[in-house]
Structures are given as C-alpha cells and as structure tokens.
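Chain by chain, the residues run as shown.
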Amino acid sequence: MRIPREFLEEARRRCTPQEECVALLFGRDNAVAKWRWVRNLAGSPVAFRIDPEEMYRAITEAEEEGLELLAIFHTHPGPPTPSSVDLKYMRLWPVVWIISSTFSWKTTAWRLEKTLREVQITLQ
C-alpha cells in the first residue's frame, strides 16, 4: 500500500498517547490519495469508536470523487499490532488496518483475510 509521507507526518503532529487517533484513507489501486480524520467517540487511549454517520458521510463523499476506502488508520500507545478488539472489527471492515505507535511511531499495516497478514507500506 502506498501512503503519502505527509499523512504520517500529520499523524505525528496531531496524535497523542492520551487518545487513539483515527483516520479513514481513500484512494485507488492501493495508493492513498486523501484521508479524513474522524473523532474518536470512545475518547480512550486504548480504543476507538467512529460515529457511523460521520463514517458514512466520509465514504459517500470519497465515492463521489471516484475513490474507495482503502484503510482505517489508528494509533496505539504500545506496539502497532492489532488488538483483539481490532481483530473483531477487521472482520466487519475488511480493508487494510494501519496502526502507529504513539511512542515509537513505528507503523505497520494489516489485513485479515483467512489469516492475519502484514501488508507492506511504501511512503510516497
């Protein structure tokens, strides 16, 4: 998956360990063209919840521009690996899940198909 370097730089500026940060990444052919930060209704450092109406609006607007939801980005205050809650929601939203650690800023991407597999990230 190709991600603009600018996106991760923006994440470092806006995300803190006090609350998981969440963004929806849109594009085509595994290349992110735009993103939208969404509120974490859970307000938690270890969980996130997106307002379904906010998510629907973001996806609808992107589709009107010819883009599709490629990935869901969020932060963890620890290692950037999917939690048990992430795995549950990865089944519901079968897109790439990108996770950044707010301490090390190590970033990984994951897709859950029959098994969990790491997805290669290329910064552009």
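Given the structure is predicted, the values throughout are model-derived calculations rather than measurements. (Residues numbered from 1 in each chain as written. Predicted model: local features only at pLDDT ≥ 70, side-chain atom pairs only at ≥ 80, totals over all residues. Heavy atoms only, no water.)

Here's the deal with unusual backbone geometry
One non-glycine residue, Asp 29, adopts positive backbone phi at about 50°. With respect to the helices and strands, Asp 29 occurs in the loop between strand 2 (22–28) and strand 3 (31–38). (Helix = DSSP H or I, 4+ residues; strand = E, 2+ residues; numbered from the N terminus.)

What to know about the state of the cysteines
Considering all chains together, one arrives at one disulfide under this definition. Between Cys 15 and Cys 21 runs a disulfide, and the two sulfur atoms are separated by 2.3 Å. Because the torsion about its S-S bond is -75°, the bridge between Cys 15 and Cys 21 counts as left-handed. For Cys 15, a relative accessible area of 6% translates into the label buried. Note on Cys 21: relative accessible area 10%, which makes it buried. (Disulfide = S-S within 2.5 Å. Buried < 20%, exposed > 50% of the residue type's maximum accessible area, 1.4 Å probe, protein only.)

Brief notes about the UniProt feature "domain: JAB1/MPN/MOV34 metalloenzyme" (unreviewed entry) in the chain
This chain's UniProt record puts "domain: JAB1/MPN/MOV34 metalloenzyme" (unreviewed entry) on residues 3–115. As annotated, residues 3–115 has a helix share of 28% and a strand share of 33%, and its two end C-alpha atoms lie 23 Å apart. (UniProt positions renumbered as here; feature names shortened; annotations may be inferred.)

Some thoughts on the layout of surface pockets
Taken as a whole, the largest pocket holds about 390 Å³ of empty space. Listing elements by their share of the lining of the largest pocket, those giving two or more residues are helix 2 (52–64), strand 4 (68–76) and helix 3 (84–92). Looking at the lining of the largest pocket element by element, the count peaks at four residues for helix 3. In terms of residue class, the lining of the largest pocket is built from 13 nonpolar, two polar and three charged. (1 Å grid on protein atoms, 1.4 Å probe; cavity = no way out; pocket = protein on both sides within 12 Å on 5 of 7 lines; lining within 4 Å. Points joined across faces, edges and corners; volume = space filled by probe spheres on them. Nonpolar A, V, L, I, M, F, W, Y, C, P; charged D, E, K, R; others polar.)

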